[in-house]
Amino acid sequence: MAKEAGSGRWETRRRSSRQSSIAAPAAAGTPVGPLSPGAKWQLVVVSHTHWDREWYFPFQNFRVRLVGLMDHLLDLLERDPDFKHFTLDGQTILLEDYLAIRPDRRDNVARFVRDGRLIIGPWYVPPDEYLAGGEALIRNLLRGIRLAREFGGAMMVGYSPDAFGHIAYLPALLRGFGIEDAAIWRGAGDDLEKTEFFWQAPDGSEVLTLHLPMGYGFAPLLPDNEVSLAATLKDFRRRLEPRATTPYLVIMNGVDHIMPQPNLPRVVAVANSFLEDAEMRQGTLPLILSKVREFMRGREGEWPRYRGEFRSSRRSHILPGTLSARMWIKQRNQQCEDRLTRWAEPFSTWASLLRARLGSDWVEPAIPPGPHTYYPSDLPATAGLLREAWKYLLENHDHDAICGCSVDAVHRETAARFDACEQIGEDLTRHALESIAAQTPSEGGQSVVVFNPSEEARTDFVSFRWRQRDGREPHATADEDGSETPCQVIERPPRQYVMTSAEPPPRLEVGFVARDVPPLGYKTFRLLRGERSRRQRPPADVRSIENEFFRVEAARDGLVTVIDKENGRVFEGLNRFVDGGDRGDEYAYWAPSRDTIVDAPSRAPTIRVAESGPARFTLQIDQVYSLPVSLARGRERRSVRTVGCRIKTLVRLYPGVRRVEFRTEVDNAARDHRLRVHFPTGVAADVAAAEQHFGVIARPLALPEADETWLEQPVGTYPQKSFVDVSDGERGVMLANRGLPEYEVLPGADGATIALTLLRCVGWLCRADMTTRRGLAGPPFLQTPDAQCPGRHTFDYALIPHIGGWQEALAEARGFALPMQARPAAGQRTLPPRGSLLEVSPSTVRLSAVKFAEDGSGVVVRLYNVDDRPVRARVRFNEPYERVECVTLDERPLGAAPVRNGRVELRLKPSEIVSLLFRVKLWRQAPSSRRRSRSTAAGAHRRR
């Protein structure tokens, strides 16, 4: 999206002389001058379009125009050999969109790509780098480059022209695909003085980077008369030459959804007729960067190097409100990413390995409700379904989709794609888990198998559905050593349920704390059953719950106190809901000039102990907040008319689990507001640490010094993945979350307070009257009533007090983010009662993926070191394999991996990403008679 700068005024909040959101120089360098004696400036015109598939129109409306653009472009390239190049925005999905309508033009597209005239890739879609997960960014490039190769090859430049800031890890991702160059725009601050520099990731990987200081759309239509063109080029050179370190000045000839300029060859000829100290040519980003490298050859050390993220709004909009616009999109995206990367892929992979290893001893699970057919068992079928699920998900990673900054019709389609991804992912996960469970001992049909998707062994709460048969209920579980753990019925079928002969018996939901479940593995627990027991309800005046780690109390005003029983620390005033007005748009929060803050319920909350164990303890707090119904006329203040919004919070503890979980349900009936939940930490700190993709990033609490020349006033809200942490080195507090990417840490006299955004409700795609932003972020005054987020929403977050730094709480945060699952065992004894596909150590080495290799030759295991220190990683793969190799992110071999005593041992740099390929023979097993009879006996009509 192109943006115009305008005038405006700003109000500033707390300030720091440190600029917190810009990559810092990694090494000082003094580049040589760009011109040698007698040399000329090279004005390289890059003809392109920036194409948002969906934004202020839905996808199909934009596709109609895309077909027109592509038809025109291909005809232009065909008839005019002097129109040398056109760049298709660095994404390849546009070819799929076009060729679905014009399959007859596939050969034309491929011919121009091979000839270097049509430049495509490397991305599949242009993602928001902060909201899409790290593994999702890898799959985006993987799919984009592979698709581009079908047509002749990808542009191997990390072109990211419109991402709303850039993550610190992008250079490492690009280098993992063999991409050595990048071109970016947004997020650069004053520290970035030059247009050519080397950008380093935390692991030391670096790419030669071209900064586009004027953006990607500053020259969409160049005049072809000498007077106008001379004035235009003079202005461009005045702005570009002072920042250049080489003779090559990039002129981006294009903008959003624009046709190629057909008279560009004439423009170039006219320019060269009057330029004396420069010459103009048509070019491409790969060509420019190759020329820059030639110019630098032998002197690369003289150029500046930067390390870190680019998230300054000094010179370009980074549109920070997109982190919280339409929060349901962020939540569903995280659910889908976790479903694919932590469940469907690794456990489908494991099930396939077991099927191949067990051969005729393999037993298919019973067919679930629905079509009376087998699930696919061939590797290509399962891999193809996973690719299809990823396609739906990646389409939603386009920045205008995942950011929630489009018209309502677009996001109704976003929801449908999430549905499609979840349907495939859930079905494949269910079949994989039930397939593995079918090979485990069931002790007479009275066992459950608990599955752990995490990298470490876990003791954590899990629930399962249990079919009632004889009135006896599970009251405990026992593992293979005979150790018993109490069960708890957490949900019963409705009392009015009437069973008929054609219906299955009703199901209970039963929960228990499963102890020591192996990493990325399973453990079988035998159920001990007895007569239904009557549980006594605690007295109505009880307002507290506890386990061996914490005591949690609710005050009469609804605020929560947590007492750490191990060290006596007390955290008071927790889980305070704070609501303020928002007169901004989908791109930015903008408080009313006379705001009304609501931070307490309108009447005394209802507090009770909803569950008193033995497996789960729940404190329920029901509140009603009277919120202004909307902004008042004029949008300077909130309405005096209020509406009640119900907020229900379930605070939970589990035996043996060292965290306090919160599930909050909000029934939103108000408009034009932002709802956050506050957690005072009592910790004095100047910085906060937040998980970001393949590492943890520290950001100062104070804002950078800003004035009215900034394109966008800086704000204190930042992106996170699964947690934000505040620590003074000796003690700390972590707030983990599931799919809630926006946080702010507020300093105070009594320590820092973590503010987690739950809802940000606005009614406009873009406002033209904002004083905190110069210029427009999109088409103004398009109403988006769905972005007010009416109705019920559920939010999950967890408090994790700890000693030391964030590393001490990492495992609990990951455990909270990835709940375990359980399935009934099926009665076979082919597998032992516990097993693990993969073991990884130490705890700071995390899994990014366990997946089928793209060529079907084995299993890819992707790891990264989340710590800011180097570690020695150890990986044990517990299924038979022939050999193990290190591979690139696109799975090209790098050489044999070092193996010692059955474990791969690697030295990982901070935030380093490593992919291992375990060569395994996977083949299809024909159904044996035992397998067929087992499936038939299960009954296609039986509901499970």
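Scoring rules and cut-offs
Residues numbered from 1 in each chain as written. Predicted model: local features only at pLDDT ≥ 70, side-chain atom pairs only at ≥ 80, totals over all residues. Heavy atoms only, no water. Helix = DSSP H or I, 4+ residues; strand = E, 2+ residues; numbered from the N terminus. Buried < 20%, exposed > 50% of the residue type's maximum accessible area, 1.4 Å probe, protein only. Polar contact = N/O pair within 3.5 Å; in protein donor to acceptor, adjacent residues only side chain to side chain. Axes fitted to C-alpha atoms, helices over the stretch in contact; angles between N-to-C directions. Parallel < 35°, antiparallel > 145°, perpendicular 65-115°, else oblique. Left-handed = near helix turned anticlockwise from the far one by under 90°. Nonpolar A, V, L, I, M, F, W, Y, C, P; charged D, E, K, R; others polar. Pairing = 2+ DSSP bridges. Phe/Tyr/Trp six-rings, centres within 6.5 Å; stacked < 30°, edge-to-face > 60°. Lys NZ or Arg CZ within 6 Å of the ring centre and 35° of its normal. Salt bridge = Lys/Arg side-chain N within 4 Å of Asp/Glu carboxyl O. pLDDT = per-residue confidence, 0-100. Contact = heavy atoms within 4.5 Å. Expected span 1.5 Å × (residues − 1).

Caption draft 1: Spatial organisation of the side chain of Asp400. Turning to its location among the elements, Asp400 is positioned in helix H11 (residues 399–402). Under the relative-accessibility criterion, Asp400 is labelled buried at 0%. For Asp400, the side chain forms a polar contact with the side chain of His399, separated by 3.4 Å.

Caption draft 2: Molecular detail of the packing of helix H9 (residues 327–358) against helix H12 (residues 408–437). Two elements in contact, H9 and H12, have axes whose closest approach is 8 Å; the angle formed by their N-to-C orientations is 30 degrees. Considering the angle they form, H9 stands roughly parallel to H12. Note on packing geometry: the crossing formed by H9 with H12 is left-handed. The class makeup of the residues in the contact of H9 with H12 is 17 nonpolar, nine polar and six charged.

Caption draft 3: Expanded view of the sheet that holds strand S31 (residues 723–727). Strand order across the open sheet formed by nine strands is S23-S24-S25-S26-S35-S32-S31-S28-S29, with antiparallel pairing between neighbours. Strands at the two margins of the open sheet, each flanked by one partner only, are strand S23 (606–612) and strand S29 (695–700). Each adjacent strand pair in this sheet contributes to an overall mean axis angle of 20 degrees, direction not counted. Relative to strand S26 (residues 660–668), strand S25 (residues 642–653) runs antiparallel, the two being bridged by six bridges. Counted as the bridge partner of Ile647 is Val666 from S26.

Caption draft 4: Structural view of the packing of aromatic side chains. Overall, the coordinates contain 31 aromatic pairs when judged by the stated rule. For the ring pair Trp343 and Phe347, a centre distance of 5.2 Å and an interplane angle of 20 degrees mean the geometry is stacked. Here Phe347 and Trp343 lie together in helix H9, a separation of four residues that amounts to about one turn. With a relative accessible area of 5%, Trp343 lands in the buried category. An angle of 50 degrees between the planes, with centres 6.4 Å apart, marks the rings of Phe451 and Tyr522 as tilted. Placement of the pair is Phe451 in strand S12 (residues 447–452) and Tyr522 in strand S17 (residues 521–531), with a sequence separation of 71 residues. The exposure classification of Phe451 matches that of Tyr522, with both residues buried. The ring of Tyr130 carries the charged tip of Arg311 above its face, separated from the ring centre by 4.6 Å. Sitting over the face of the ring of Trp590, Arg583 holds its NZ or CZ atom 3.7 Å from the ring centroid.

Caption draft 5: Highlighting the sheet that holds strand S22 (residues 576–581). Pairing is antiparallel across the open sheet formed by five strands, whose spatial order is S22-S27-S34-S33-S30. In this open sheet, the two strands that pair with only one neighbour each are S22 and strand S30 (718–719). Sheet analysis places strand S33 (residues 742–746) next to strand S34 (residues 753–761), joined by four bridges and oriented antiparallel. Considered in S34, the bridge of Tyr743 is made with Leu756.

Caption draft 6: Structural detail: the pattern of salt bridges. Using the criterion set out here, one finds 74 salt bridges in the structure. Between Arg326 and Asp408 there is a salt bridge, with its nearest N and O atoms 2.8 Å apart. With Arg326 in the loop between strand S11 (305–307) and H9 and Asp408 in helix H12, this pair connects stretches of sequence that are 82 residues apart. An identical accessibility class is assigned to Arg326 and Asp408; each is buried. The residue Glu854 makes a salt bridge to Lys851 at a minimum N-O spacing of 2.9 Å. Under the relative-accessibility criterion, Glu854 is labelled partly exposed at 27%.

Caption draft 7: Looking closely at the confidence of the model for the protein. Across the protein, pLDDT averages 92, with 92% of residues at or above 70. Overall, residues 499–503 carries pLDDT values under 50, and its contacts beyond four positions in sequence, including any with other chains, amount to five contacts. Long-range and interchain partners of residues 924–944, a stretch whose pLDDT sits below 50, account for 40 contacts in this model, where long-range means more than four residues apart.

Caption draft 8: Representation of helix H1 (residues 59–79). With 21 residues, H1 extends 30 Å between its outermost C-alpha atoms, agreeing within 8% with the 30 Å of an ideal straight helix rising 1.5 Å per residue. Residues of H1 that are buried include every one of Phe59, Phe62, Arg63, Leu66, Val67, Leu69, Met70, Asp71, Leu73, Leu74, Leu76 and Leu77, and no others. Where H1 is buried, its residues contact strand S3 (86–87), helix H2 (93–99), helix H3 (106–114), strand S4 (118–119) and H12.

Caption draft 9: Examining the pairing of strand S43 (residues 893–896) more closely. Of the pairings in the sheet, the one linking strand S42 (residues 883–887) to S43 comprises three bridges and is antiparallel in character. Bridge pairing in S43 places Glu885 opposite Ala896. Between S42 and S43, which follow one another and run antiparallel, lie five residues, and Glu891 among them has a positive phi close to 70 degrees.

Caption draft 10: How the structure looks around the side chain of Asp582. Its place among the elements puts Asp582 in the loop between S22 and S23. Taking relative accessible area as the criterion, Asp582 reaches 1% and is therefore assigned buried. Of the polar contacts made by the side chain of Asp582, one reaches the backbone nitrogen of Trp590; its length is 3.1 Å. Those residues in contact with Asp582 that sit more than four places away from it in its chain are Ala588, Tyr589, Trp590, Pro592, Leu631, Asp672, His673, Arg674, Arg760, Cys761 and Val762.

Caption draft 11: Unusual backbone geometry, seen in detail. Note the cis peptide between Gly121 and Pro122, where omega equals 10 degrees. Looking at the element boundaries, Pro122 is found in the loop between S4 and helix H4 (134–151). In this model, Ser841 is joined to Pro842 through a cis peptide bond whose omega is 0 degrees. Relative to the assigned elements, Pro842 resides in the loop between strand S38 (838–841) and strand S39 (845–852). Positive phi outside glycine occurs at Phe781, with the angle close to 60 degrees. Position of Phe781 among the secondary structure elements: in the loop between S34 and strand S35 (791–803).

Caption draft 12: Representation of the environment of Gly580 in the model. With respect to the helices and strands, the residue Gly580 is situated in strand S22. Looking at Gly580, the relative accessible area reads 7%, which means it is buried. When the C-alpha positions of Gly580 and Pro592 are compared, they lie 8.6 Å apart, and in sequence the two are twelve residues distant. Look past the residues within four positions of Gly580 in its chain and what remains in contact with it is Asp595, Thr596, Ile597, Arg638, Asp672, His673 and Arg674.

Caption draft 13: The arrangement of the environment of Trp343 in detail. In this structure the C-alpha to C-alpha distance between Trp343 and Leu393, which are 50 residues apart in sequence, comes to 15 Å. Excluding its chain neighbours within four sequence positions, the residues that come into contact with Trp343 are Asp338, Ser348, Thr429, Leu433, Phe451, Pro453, Pro819, Met820 and Gln821.

Caption draft 14: Structural detail: the environment of Gly301. Assignment of secondary structure puts Gly301 in the loop between helix H8 (285–296) and S11. Among the residues examined, Gly301 registers a relative accessible area of 60% and is labelled exposed. For the pair formed by Gly301 and Phe198, sequence separation is 103 residues and the distance between their alpha carbons is 9.5 Å.

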